[in-house]
Amino acid sequence: MIRNYFKIALRNLWKHKTFTALNIVGLSVAFAVAILLSMTAFFELSYNKFHKNFDNTFLLYYSQQTPKGLEHSISNPMPLAEALKEEVPGIASITRHVESTVVATFGDKDIYFDILYTDPDFFSIFSFPEARGNAKQAIRSQSGVVLTQKSAKAMFGDEDAVGKTLMLTIGGKETPFTVASVLKDIPKQSSINFDIATNFVNSPGYNEKKDRWDHRNHEVYLTLEEGVSPKKFEENSRAFSSRHFAEDINKFKRDGAKPDANGQYIQMGLFPIKDQRFITSANGTISVNKTYPYLILGIASLILFIACVNFINMSIGTNAKRLREIGVRKTLGAEKKQLFFQFWSESIFVFLTALILGILLSNILLPPFKTLFRTGATFLSLASPVTLLCFVLAFTAITLLAGGYPAYVLSKLKAVRTLKGSLSVDRKNRLRNVLVVVQFSLAILLISSTLVLHSQLRFMMGKDLGFNKEQVISLPLNGKKDSRITVDLLRNELSGKPGILSISAADNNLGLGRDGSRTTSAFGFDYKGKEVNTNILVVDYDYLKTLDIRLAAGRSFNRDFSRDSLSLVINESMAREMGGKDLLNTTVSLFDSIQYTVIGIVKDYHFEDLNQTIQPITFFLNANKNLDYAYVKVSPGNAAQSLTRVKKAWKKIEPNTEFLGSYLNENINRTLDLEKTMTSVIASGSIIAIALSCIGIFAMSLFTIAQRTKEIGIRKVVGASISAITILLSRDFLKLVGIAFMVATPFSWWLMKNWLQDYSYRIDLSPWFFIAAGAIATLIAFATISIRTIKAAVENPVKSLRTE
């Protein structure tokens, strides 16, 4: 019986080979895209889940009820972790965590590595796989370090690294360390990445800040004891917060802040590390945002849905020609379930063929897909038993719904009606029309979203940031020499060179450089009876000149003024924070009552990500603080030549250290990688969605023309023009696209309006985005339909009139 089902199925599929091919092509593409997108989404959602205790590992944060409203932070003071473990019940393990960069030296090798400063409990909390040694014991020793296999090979080649001594340049000082453990390379799905790990006490400035509660510079991770929930921890920590942050709380009360529902001004909380990948920070607030992976899964589902709609429409259309076959089978005693399995077996064959082709296609497309969407996902992301089971269930559900529904409709028809070769056309067309409207609604939604995303991205990339991003090269001062000496050597080396206009430095980068490092520094102080908070930036002379940051009042730091070491330059936002009037020559007391004088006010510029409003910032000259990045302003034109010239100067000064310089516009673009990827995903999804919708509408136009062949011949005989016949045949389908436009536009408008709210600086949501999306869908649909309708319109009417 089963063999007979498949024999008849193959014959019928071959008989309608055009529609079979359209179905297989559409479903194969849909399956390939769904596999690739699902692989990426599951890869993103699997971050940090390779740790054995990921369900009970948390990142500590705290909420502050400030006079400006609720603010969050994950940066903590150095004494907090130890005090928290001793005073708050329910904590099983706790560790501090700060990442930086370091130059490691062995023999004549100088290599730039990412270093992690942490506590011994780190390797109890996180289960990074070990290759050799005991990482936890290695961290207990202040002179021990842990390497990954990758960094060990770079440093020592194929030799055994354990027991070897290398030199690390920390805080400008070379210190010997012994390799006590080697980890396997960090998994791609880790939010924490490092090349070298060592004890937290080796971090720069530790001795000066180890007892200070007013200086925050690192993250804290912890696990809870069995039976202790994050909510219980929050309750347990309230007394701790009130005790250790009493000074901050008193300032909040003084300045008019309101407590939360529990009467707290500072409340500690916990983020699960399985959500750490999706933590976003903007304007003082922290939240978990999983939009990206769920968006990818949503687009995969939409594309599968559109392909299934095509299959349903084409199945009902082609099988409607088999009504007499169904009638004869019923007359001879065939049961409904036999007819159902006959038609469903044809669907299963098509779906299985499409699935196999889709898997092959996804393998072929994987390398360019990974490059385009900047993902490290592989097919192993789908290899878990749960994921595979979900895919099997999804495939079964799709075949049942998309293949089973047409089979069910045809199997329950009455024998008398089928023998007459009649089917309820009105009902069939209603279903077909609804499905076509849904298809094009989804396509228009994706097209309009692509247009809005692209415009927002272009707006952010082209926005005036308040500094010169086109002509300035930033490079991390990652060598062994003292950073200030390196800046002076760069000045001397590049002075007088063609195209070099100015050189300066600072302790932070603008955008995201090739070194991947990003830091922020902030502090608060009392001014006229209230607390003022500001970001701080230590700069060298000529910083404003090099970056073309404009002055609103006063002057910049000048080598001719010796007292500028005790001077400040602030931005307009900081000026407003301090009162905004007559601030030049104002004296403020900072850092243990040292008096600083405001000498200049710069116009606001974007020193943070573009989804954040411009915050207060204060510039210092501080000869005791390292300068982490040099800035070189070059003349316009010959950008590559200027970068090469800077690279040569760097190699002369630091011959054994990698050059990681890049233009600031590249740095800014790196901060927009998520927006670029989302735009690429939605744009690709909209192209595939409209292509699949066009396959469906093309197939429907074939059915329509086949049903109206004689009508076309009669109209031509009585004088109808080709254009009139083309419009007549296309009109019904274009009406459906118009309805789809009216359905999709309000929802798309609402969706994009809410998405844009995440950006402090955004485009205006113009109706033209949605009109353009509707026009694109209409033109593509009309072009698709016209391929067949024009051919039908130009055929000889005699041939049409002879058609049965």
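Everything below is about the structure shown above.
Described in the following lines is the structure provided in the data block. (Residues numbered from 1 in each chain as written. Predicted model: local features only at pLDDT ≥ 70, side-chain atom pairs only at ≥ 80, totals over all residues. Heavy atoms only, no water.)

1. Some details on the overall build of the chain
- Counting its secondary structure elements, the chain contains 26 helices and 25 strands.
- Here the chain holds 804 residues, and 50% of them are scored as buried.
- Surface exposure of the chain reaches about 36,900 Å², of which carbon and sulfur atoms provide 56%. (Helix = DSSP H or I, 4+ residues; strand = E, 2+ residues; numbered from the N terminus. Buried < 20%, exposed > 50% of the residue type's maximum accessible area, 1.4 Å probe, protein only. Areas by Shrake-Rupley, 256 points an atom, 1.4 Å probe, with all protein chains shown as cover.)

2. Quick look at the nonpolar core
- In this structure, Tyr-543, Tyr-605 and Phe-619 are the most contacted members of the largest nonpolar core, which totals 103 residues.
- For this core, the leading source of residues is helix α2 (residues 17–45), giving 14 residues.
- Discounting residues that sit within four places of it in the chain, Phe-619 has contacts with Leu-537, Val-539, Tyr-543, Leu-544, Phe-557, Ser-567, Leu-568, Val-569, Val-602 and Tyr-605. (Core = buried A, V, L, I, M, F, W, Y, C linked by side-chain atoms within 4.5 Å. Contact = heavy atoms within 4.5 Å.)

3. Notes on helix α10 (residues 246–254)
- When α10 is considered as a whole, its buried residues turn out to be Asp-248, Ile-249, Lys-251 and Phe-252. For α10, the arc enclosing every buried residue in end-on projection is 160°, short of the 170-degree limit, so these residues lie on one face.
- Of the surrounding elements, those touching the buried residues of α10 are β1 (57–66), β11 (216–224), α9 (238–244), β12 (266–272), β17 (522–527) and β18 (530–538).
- Directly after α10, the chain includes Gly-256, whose backbone phi takes a positive value near 95°. (Arc of directions from axis to C-beta.)

4. A look at the sheet that holds strand β16 (residues 500–506)
- Strand order in the open sheet formed by four strands is β16-β24-β15-β25, with antiparallel pairing between adjacent strands. Each having just a single partner strand, β16 and β25 (662–663) make up the two edges of the open sheet.
- Taken together, the five bridges between strand β15 (residues 472–476) and strand β24 (residues 629–634) define a ladder with antiparallel strand orientation. Within the sheet, the bridge partner assigned to Ile-473 lies in β24 and is Val-632.
- Sheet strands in contact with helix α17 (residues 483–494) are β15, β16 and β24, and its direction is about 175° off that of β16. (Pairing = 2+ DSSP bridges. Axes fitted to C-alpha atoms, helices over the stretch in contact; angles between N-to-C directions.)

5. Digging into the side chain of Thr-223
- By secondary structure assignment, the location of Thr-223 is in strand β11.
- Given a relative accessible area of 4%, Thr-223 falls into the buried group.

6. Notes on the packing of aromatic side chains
- The tally for this structure, following the rule as stated, stands at 28 aromatic pairs.
- Ring geometry for Trp-749 versus Phe-770: centroids 5.3 Å apart, planes at 40°, classification tilted. With Trp-749 in helix α24 (residues 722–756) and Phe-770 in helix α25 (residues 768–794), this residue pair connects regions lying 21 residues apart in the sequence.
- Residue Phe-770 is classed as buried on the basis of its relative accessible area of 2%.
- Through a chain of ring-to-ring contacts, the aromatic side chains of Phe-50, Phe-122, Phe-123, Phe-126, Phe-128, Phe-194 and Tyr-221 assemble into a single cluster.
- Residue placement shows Lys-463 over the ring face of Tyr-761; its charged tip is 4.8 Å from the ring centre. (Phe/Tyr/Trp six-rings, centres within 6.5 Å; stacked < 30°, edge-to-face > 60°. Lys NZ or Arg CZ within 6 Å of the ring centre and 35° of its normal.)

7. Re the packing of α17 against helix α20 (residues 639–653)
- The geometry of α17 relative to α20 is characterised by a closest axis approach of 10 Å and an angle of 125° between their N-to-C directions. Overall, the two elements α17 and α20 adopt an arrangement that is oblique. The handedness of the crossing between α17 and α20 comes out as right-handed. Here Thr-486, Leu-489, Leu-490, Glu-493 and Leu-494 of α17 come into contact with α20, specifically with Arg-645, Val-646, Ala-649, Trp-650, Lys-652 and Ile-653.
- A class-by-class count of the residues in the contact of α17 with α20 yields seven nonpolar, one polar and three charged. (Parallel < 35°, antiparallel > 145°, perpendicular 65-115°, else oblique. Left-handed = near helix turned anticlockwise from the far one by under 90°. Nonpolar A, V, L, I, M, F, W, Y, C, P; charged D, E, K, R; others polar.)

8. Considerations on α2
- Spanning 29 residues, α2 covers 41 Å between terminal C-alpha atoms, matching the ideal 42 Å at 1.5 Å per step.
- Across the 29 residues that make up α2, a large majority, 23, are buried. (Expected span 1.5 Å × (residues − 1).)

9. What about the pairing of β17?
- Covered by surrounding structure in β17 are Phe-523, Phe-525 and Tyr-527 only, the residues Ala-522, Gly-524 and Asp-526 on the alternate face being uncovered.
- Where β17 lies against β18, six bridges are found, and the strand directions are antiparallel. Considered in β18, the bridge of Phe-525 is made with Val-532.
- Hairpin remark: β17 followed by β18, antiparallel, with two residues in the connecting loop; positive phi at Lys-528, about 55°.

10. Quick look at empty space enclosed by the protein
- Counted under the stated rule, the structure contains three cavities of 30 Å³ or more.
- In this structure, the second largest cavity spans a volume of roughly 40 Å³. (1 Å grid on protein atoms, 1.4 Å probe; cavity = no way out; pocket = protein on both sides within 12 Å on 5 of 7 lines; lining within 4 Å. Points joined across faces, edges and corners; volume = space filled by probe spheres on them.)

11. What about the environment of Gln-641?
- For Gln-641, the location among the structural elements is in helix α20.
- Between the C-alpha atoms of Gln-641 and Gly-499, which are 142 residues apart in sequence, the distance is 9.1 Å.

12. Topic: the environment of Lys-274
- Mapped onto the elements, Lys-274 comes out in the loop between β12 and β13 (279–282).
- With relative accessibility at 30%, the residue Lys-274 sits in the partly exposed group.
- Expressed as a C-alpha distance, the spacing of Lys-274 and Phe-50, which sit 224 residues apart in the sequence, is 9.7 Å.

13. Let's talk about the pattern of salt bridges
- The tally for this structure, following the rule as stated, stands at 23 salt bridges.
- A salt bridge links Asp-55 to Lys-274, with the nearest nitrogen and oxygen atoms 3.5 Å apart. Remark: Lys-274 occurs in the loop between β12 and β13 and Asp-55 occurs in the loop between α2 and β1; sequence separation between them is 219 residues.
- The salt bridge partner of Asp-526 is Arg-254, with a shortest N-O separation of 3.1 Å. In this pair, Asp-526 is assigned in strand β17 and Arg-254 in helix α10, connecting sequence segments 272 residues apart.
- For Arg-254, a relative accessible area of 41% puts it in the partly exposed group.
- Linked through salt bridges whose partners overlap, the residues forming this network are Arg-254, Asp-255 and Asp-526. (Salt bridge = Lys/Arg side-chain N within 4 Å of Asp/Glu carboxyl O.)

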